[in-house]
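The residues making up each chain are set out below.
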Amino acid sequence: MQVTKVKLKNWRNFRNFEVPFRDVSYILGPNASGKSNLLDVFRFLRDVSKPAGGGLQAAVIARGGISKLRCLHARQDPEVCIDVELSDSPDDKIPKWRYVLGFKPEGKGAQRILVSKEEVWHEGKQLFSRPDKSDDKDSVLLTQTRLEQIAANVKFRELAEFFGSITYLHLVPQLLKFADQLGGRPLENDPFGQSFLERIAKTTERVRAARLKKISEALTLAVPQFKELRFIKDDSGRPHLEALYSHHRPNAGWQSEEHFSDGTLRLLGLLWALLDGSSMLLLEEPEISLNDAVVKEIPLIIQRLQRSRKPKRQVVISTHSEALLSNPGIDGRGVILLEATADGSTGRTLQKDEASALEAGLSVAEVVLPKTRPSSVNQLGLWE
């Protein structure tokens, strides 16, 4: 199952937004147009769906309150609304599921966040719509969604499980290299890879070995002098990755992750994320720290993995990398272009002439990426 359409009202940058999604979608746009905020829609639904430590109230608080979520252009309408359609195929005429969640501040007293709208549709038939009679009798019920309630989501638990399993990884190499020195607890859901090694350690030995073998083969192609990758635990039981390189010194030892380059760690994390599980995967600027020649291959890596998976795993990528988007294998139907306007950001798919240009052999980098370029960027070099 995959998300096939997202419609937003008053969510962060987006006063009104509606675009379709494919099994692999590329989100493009200038700085501050809302690429990260669009990815956060899916993370928000994941946080709402969590049966332990989650829910609507916690998800809103984790983002600084509704004032940080509601679009600044929403002057008269206090409601934030997320409307998501899901199907087994993006080409299905009637979505398998549709979930609508609207919420707004109570407006008095404790200023709780209340559900203003919650709907679930299954194959075109509405299962319920809130607020309903039970909500009218007890308004406290509106502080929770039914999505987050195990007793209430029985008929649509497939939705809750889908949202709850969404994966986001934006591995920050320094957090992994200097974990001991930095200390502190990793953020929940570990978006920056602080517990990346622990995640690998929790994988069964057989699966871990198979994945690391695949990753090792890829690193041999992408990292100069790289020979082998292995997983170990030190004397205190802490997990580590070690790499062996080809050097002029024949007895040069294994190097632990703290000695890996940032690019090696980023690529390793990306490859592991692509191999790990079947849930929706959110990748934010996967090109960071990687050589352009490696970045250009990312779309092909994803395509090959998609072909071997049934059903396909949905991947959503935010990027502004010319190297990544220059790959001719990108399906233009999955390109989403964000555009900043005076009334908030909007989003669209490719126009007819843009799609025709791709069919003629041009790349997304040539056709679409220039449209994300700030109009006055040439003046930046004159700043002093």
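I will try to describe carefully the structure that is included in this document. The shown structure was predicted, so the numbers you read here are calculated from the model rather than taken from an experiment. Position numbers for residues start from 1 in each chain and track the written sequence from start to end. With the structure being a predicted model, the display of local features is reserved for residues of pLDDT at least 70 and the display and counting of side-chain atom pairs for 80 or more, all residues being used for whole-chain, interface and lining totals. Hydrogen atoms and water are omitted, and side-chain values are computed over all heavy atoms in the structure.

1. Describing the overall build of the protein
Selection criterion: Strands are runs of DSSP state E lasting at least two residues, helices are runs of H or I lasting at least four, and both sets are numbered from the N terminus onward. Residue contacts are defined here by distance: any two heavy atoms, one from each residue, within 4.5 Å place the two residues in contact. Areas reported as accessible are Shrake-Rupley estimates using a 1.4 Å probe. Residue values count occlusion only from the protein chains shown.
When its secondary structure is counted, the protein shows 15 helices and 15 strands. For the protein, long-range pairs separated by at least 24 residues make up 60% of all intrachain contacts whose partners lie at least 6 apart in sequence. Within the structure as shown, the protein displays about 19600 Å² of accessible surface, and the carbon and sulfur contribution to it stands at 50%.

2. Brief notes about the packing of helix H1 (residues 35-49) against helix H5 (residues 157-164)
The test is simple: Only the stretch in contact is used when a helix axis is fitted, and all axes are lines through C-alpha atoms; the angle between N-to-C directions ranges over 0 to 180 degrees. Angle categories: roughly parallel below 35 degrees, roughly antiparallel above 145, roughly perpendicular from 65 to 115, and oblique for all the rest. The handedness criterion is simple: a crossing whose near helix is rotated anticlockwise from the far helix by less than a right angle is left-handed, and one whose near helix is rotated clockwise is right-handed.
For the pair H1 and H5, interaxial distance at closest approach is 7 Å and the crossing angle is 120°. Comparing their axes, H5 and H1 come out oblique. Both H1 and H5 take part in a crossing whose hand is left-handed. For the pair H1 and H5, contact is made by Leu 45, Arg 46 and Ser 49 and by Ala 160, Phe 163 and Gly 164, respectively.

3. Some details on the side chain of Glu 119
As a reminder of what qualifies: Classification of residues uses two cut-offs on accessible area relative to the type maximum, computed with a 1.4 Å probe and protein chains only: under 20% is buried, over 50% is exposed, and between them is partly exposed. Note on charges: Lys and Arg go in the positive column, Asp and Glu in the negative column, and His and the chain ends are not counted at all. A pairing counts as a salt bridge when a side-chain nitrogen of Lys or Arg comes within 4 Å of a carboxyl oxygen of Asp or Glu.
If you trace the backbone, Glu 119 turns up in strand E6 (residues 113-122). It turns out Glu 119 is buried and unbridged, and the closest side chain with the opposite charge, Arg 98, is 4.5 Å from it. Once you skip the residues sitting within four places of it in the chain, Glu 119 turns out to touch Arg 98, Tyr 99, Val 100, Gln 126, Phe 128 and Ser 129.

4. With respect to the packing of helix H9 (residues 205-222) against helix H10 (residues 262-275)
Defined as follows: Three classes are used, and their members are as follows: Ala, Val, Leu, Ile, Met, Phe, Trp, Tyr, Cys and Pro are nonpolar, Asp, Glu, Lys and Arg are charged, and the others, Gly among them, are polar.
One way to put it is that H9 packs onto H10 with a least axis distance of 10 Å and a crossing angle of 140°. In terms of orientation, H9 lies oblique with respect to H10. Two packed elements cross with a definite hand, and for H9 against H10 that hand is right-handed. Residues Arg 208, Arg 211, Leu 212, Lys 214, Ile 215, Ala 218, Leu 219 and Ala 222 of H9 lie in contact with H10, whose contacting residues are Leu 267, Leu 268, Leu 271, Trp 272 and Leu 275. Across the contact of H9 with H10, the residue classes tally to ten nonpolar, no polar and three charged.

5. Considerations on H5
To keep it simple, the criterion reads: Comment: arc refers to directions from the helix axis out to C-beta atoms.
All of the buried residues along H5 are Leu 159, Ala 160, Phe 162 and Phe 163. Within H5, the buried residues cover an arc of 160° as seen down the axis, which keeps them to one side.

6. Quick look at the sheet that holds strand E9 (residues 226-233)
Heads up, the rule is: In this analysis, strands are considered paired if DSSP registers two or more bridges between them.
Across the sheet, which stays open at both edges, the three strands sit in the order E9-E10-E11 with antiparallel pairing between neighbours. Strands at the two margins of the open sheet, each flanked by one partner only, are E9 and strand E11 (255-256). Both strand E10 (residues 239-245) and E11 contribute to a ladder of two bridges, which runs antiparallel. Its bridge partner being in E11, Glu 242 is matched across the sheet by Ser 256. Against the sheet, H9 makes contact with E9 and E10, and its axis sits at roughly 150° relative to E9, the strand it touches most.

7. Some details on the nonpolar core
In plain terms, the rule: By nonpolar core we mean a set of buried residues, namely Ala, Val, Leu, Ile, Met, Phe, Trp, Tyr and Cys, connected to one another through side-chain atoms within 4.5 Å.
Of all hydrophobic cores here, the largest spans 52 residues; its most connected members are Ile 215, Leu 229, Leu 241 and Leu 325. Dropping the residues within four chain positions of it, Leu 229 is found in contact with Leu 212, Ile 215, Ser 216, Leu 219, Leu 241, Glu 242, Trp 254, Phe 260 and Leu 268. Ile 66, Tyr 99, Leu 101 and Phe 163 belong to the second largest nonpolar core, which has 49 residues in total.

8. Some points on the side chain of Ser 345
Defined as follows: In protein, a polar contact means a hydrogen-donor-capable atom and an acceptor-capable atom, both N or O and within 3.5 Å, with residues adjacent in sequence counting only if both atoms are side-chain atoms; elsewhere, any N or O pair within 3.5 Å suffices.
With respect to the helices and strands, the residue Ser 345 is situated in strand E15 (residues 344-348). Among the polar contacts made by the side chain of Ser 345, one reaches the main-chain carbonyl oxygen of Ser 33 at a distance of 2.7 Å. If we skip the residues at most four places from it in the chain, Ser 345 touches Asn 13, Phe 14, Arg 15, Asn 16, Ala 32, Ser 33, Glu 339 and Ala 340.

9. Overview of the pattern of salt bridges
For the structure shown, the criterion picks out 22 salt bridges. Asp 77 is paired through a salt bridge with Lys 9; the nearest N and O atoms lie 2.9 Å apart. Placement of Asp 77 in the loop between helix H3 (66-69) and strand E4 (80-87) and of Lys 9 in strand E1 (residues 2-11) is noted, with a sequence separation of 68 residues between them. A salt bridge links Arg 211 to Asp 276, with the nearest nitrogen and oxygen atoms 2.9 Å apart. Of this pair, Arg 211 sits in helix H9 while Asp 276 sits in the loop between H10 and strand E12 (281-284), and the two are 65 residues apart along the sequence. Of the residues examined, Asp 276 reaches a relative accessible area of 25% and is grouped as partly exposed. Taken together, the shared-partner salt bridges in this structure form one network comprising Arg 12, Asp 40, Arg 46, Asp 47, Lys 50 and Arg 63.

10. Considerations on the environment of Val 24
Tracing the backbone shows Val 24 in strand E3 (residues 24-28). With 307 residues separating them along the chain, Val 24 and Asp 331 place their C-alpha atoms 8.2 Å apart. What Val 24 contacts, discounting residues up to four positions off in sequence, is Ile 302, Gln 306, Val 315, Ile 317 and Gly 334.

11. As for the sheet that holds strand E14 (residues 335-341)
Strand order in this open sheet of six strands is E8-E12-E13-E3-E14-E15, and the pairing throughout is mixed. The two strands at the open ends of the sheet, each matched to only one other strand, are strand E8 (167-169) and E15. Here the average twist between neighbouring strands, direction ignored, is 20°. Taken together, the three bridges between E3 and E14 define a ladder with parallel strand orientation. Bridging from a neighbouring strand, Leu 28 pairs with Leu 337 of E14. Across the sheet, H10 touches E8 and E12, and the angle it forms with E12 is around 160°.

12. Quick word on the pairing of strand E13 (residues 315-318)
The two faces of the sheet receive side chains in turn, since in a regular strand these alternate between them. Every second residue of E13 is oriented toward a common face, with Val 315 and Ile 317 on one face and Val 316 and Ser 318 on the other, all of them buried. In the sheet, E3 pairs with E13 via four bridges, with the strands oriented parallel. Across the sheet, residue Tyr 26 finds its bridge partner in E13, namely Ile 317. Pairing analysis gives four bridges linking E12 to E13, with the strands arranged parallel. What sits directly across from Leu 283, in E13, is Ile 317.

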